[in-house]
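Listed below, chain by chain, are the residues.
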Amino acid sequence: MLAKSAPLRPAPRLYLATPEIDDPARIMTPLADALASADVAAVLMRLAPSDPRTMMSRIKVLAPLIQNSGAAVLLDGHADLVARSGADGAHLTGIEALQEAMPPLKPDRIVGVGGLSTRHDAMVAGETGADYVLFGEPDKTGDRPSAEAIADRLAWWAELFEPPCVAHAANLNEAQIFAASGADFVLVDDIVWNDPRGAALALTDVATAICQGFGSQGSAQRADHPNGDAG
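Residues numbered from 1 in each chain as written. Predicted model: local features only at pLDDT ≥ 70, side-chain atom pairs only at ≥ 80, totals over all residues. Heavy atoms only, no water.

Would you mind showing me how to read the packing of helix α5 (residues 119-128) against helix α6 (residues 147-160) here?
As a packed pair, α5 and α6 sit with axes 12 Å apart at the nearest point and diverge in direction by 40°. Considering the angle they form, α5 stands oblique to α6. Judged by the twist between their axes, the crossing of α5 over α6 is right-handed. Touching Arg 119, Ala 122, Met 123 and Gly 126 of α5 are Asp 152, Arg 153, Trp 156 and Trp 157, all from α6. A breakdown of the residues in the contact of α5 with α6 according to their chemical character gives four nonpolar, one polar and three charged. (Axes fitted to C-alpha atoms, helices over the stretch in contact; angles between N-to-C directions. Helix = DSSP H or I, 4+ residues; strand = E, 2+ residues; numbered from the N terminus. Parallel < 35°, antiparallel > 145°, perpendicular 65-115°, else oblique. Left-handed = near helix turned anticlockwise from the far one by under 90°. Contact = heavy atoms within 4.5 Å. Nonpolar A, V, L, I, M, F, W, Y, C, P; charged D, E, K, R; others polar.)

How should I be thinking about unusual backbone geometry in this particular structure?
Excluding glycine, most residues fall at negative phi; most peptide bonds, likewise, are trans. Residue Lys 106 is joined to Pro 107 through a cis peptide bond whose omega torsion reads 5°. Following the sequence through the fold, Pro 107 ends up in the loop between α4 (95-105) and β6 (110-114). The phi dihedral of His 78 is positive, around 55°, even though this residue is not glycine. Note that His 78 resides in the loop between β4 (72-76) and α3 (82-85).

Looking at this structure, I do not really get the side chain of Arg 153. What am I missing?
Tracing the chain through its elements places Arg 153 in helix α6. Beyond its immediate sequence surroundings of up to four residues, Arg 153 is in contact with Leu 116, Ser 117, Thr 118, Arg 119 and Phe 135.

Hey, could you run me through the pairing of strand β7 (residues 132-135) in this one?
Across a regular strand the side chains alternate sides, sitting on one face of the sheet and then on the other. The alternating pattern of β7 places Tyr 132 and Leu 134 on one face and Val 133 and Phe 135 on the opposite face, and all of these are buried. The pairing of β6 with β7 spans two bridges and is classified as parallel. By the bridge assignment, Gly 112 is partnered in β7 with Tyr 132. Sheet topology places β7 next to strand β8 (residues 165-168); three bridges connect them, and they run parallel. If you follow Phe 135 over to β8, its bridge partner there is Ala 167. For the crossover that starts at β7, traverses α6 and ends in the parallel β8, the hand is right-handed. (Buried < 20%, exposed > 50% of the residue type's maximum accessible area, 1.4 Å probe, protein only. Pairing = 2+ DSSP bridges. Right-handed = clockwise from strand over helix to strand, strands pointing away.)

So what exactly am I meant to see when it comes to α4 here?
Count 3.6 residues to each turn of an α-helix, and residues three or four apart come out pointing the same way. Taken residue by residue, α4 has Ile 95, Leu 98, Ala 101, Met 102 and Leu 105 as its buried positions. An end-on view of α4 places all buried positions within 125° of arc, on one side of the element. Turned more than 90 degrees away from the buried face of α4 sit Glu 96, Glu 100, Pro 103 and Pro 104, all of them exposed. Structurally, α4 contributes buried residues whose contacts are with α3, β5 (89-93), β6 and α5. (Arc of directions from axis to C-beta.)

Have a look at this one:
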C-alpha cells in the first residue's frame with residue numbers, strides 16, 4: 001500500500017517589527033495603513049529607552065490599533081511590562097532572558113526568543129518552552145548570517161521540531177527564500193518602514209514574495225509526489 005505524503009504546511013505569515021518608538025503619533029498612520037494592507041499575525045513593538053511609565057503609555061496608545069486588526073502585540077524585551085500594558089507577549093534575546101521571563105508570562109502570554117547563535121541554543125529554547133524561535137536577526141554589531149545559512153537553519157528546524165520558526169528577512173529575495181525554506185513566520189522591519197512608497201505598499205510586496213516562495217516549495221513537493229503518494 002502506498003503511504004500518503006505529508007500535507008503541505010500552512011503558508012508563512014507576516015510578523016512586522018516597528019522602528020524604535022519614542023512618539024507613537026509618528027507611526028500610528030503608517031502602521032494602520034500597513035496592517036490594513038496585508039495579513040499580519042503579530043507586531044513586535046520596539047520601544048525607545050525611557051522610564052517604565054512612559055513606555056507603558058506608548059504601548060497603550062498603539063496596542064488597541066494593532067490588536068483590533070487581528071494581530072498580536074509583542075514587546076521587544078520588557079517582559080515586566082507585558083501584563084500591565086495589555087500586550088500579548090514578549091520577544092526575548094538569549095536563553096537566559098527566556099528562562100527568566102517564562103515563569104511570570106506562561107501560560108497566558110506569548111514568549112518568543114532570538115539571539116540563538118547555535119543549533120544547541122535553539123534546541124534549548126524549544127525545550128524551555130519558547131512559543132517560537134527567531135533566526136537571522138542582526139547581532140549587536142549589525143552582523144547576521146548569510147541568507148543561505150539562515151535558510152539552512154530554517155529547513156533543519158522545520159523538519160525536526162514542532163515550535164514555529166521565524167525568519168528575519170532583510171529584503172524581498174530573503175522573504176521569498178525563507179518562505180520556501182520552512183519559516184512559519186517572516187519578520188520584516190526596515191524594508192517596510194524605509195520604503196519611499198510607504199509602509200502599505202512595501203508590506204504588500206513582502207506578502208507577495210512570501211506567497212511566491214511558499215508556492216515554489218509547494219510545487220516542489222507536489223512534483224516529488226505528483227499523485228499525492230509516496231512510495
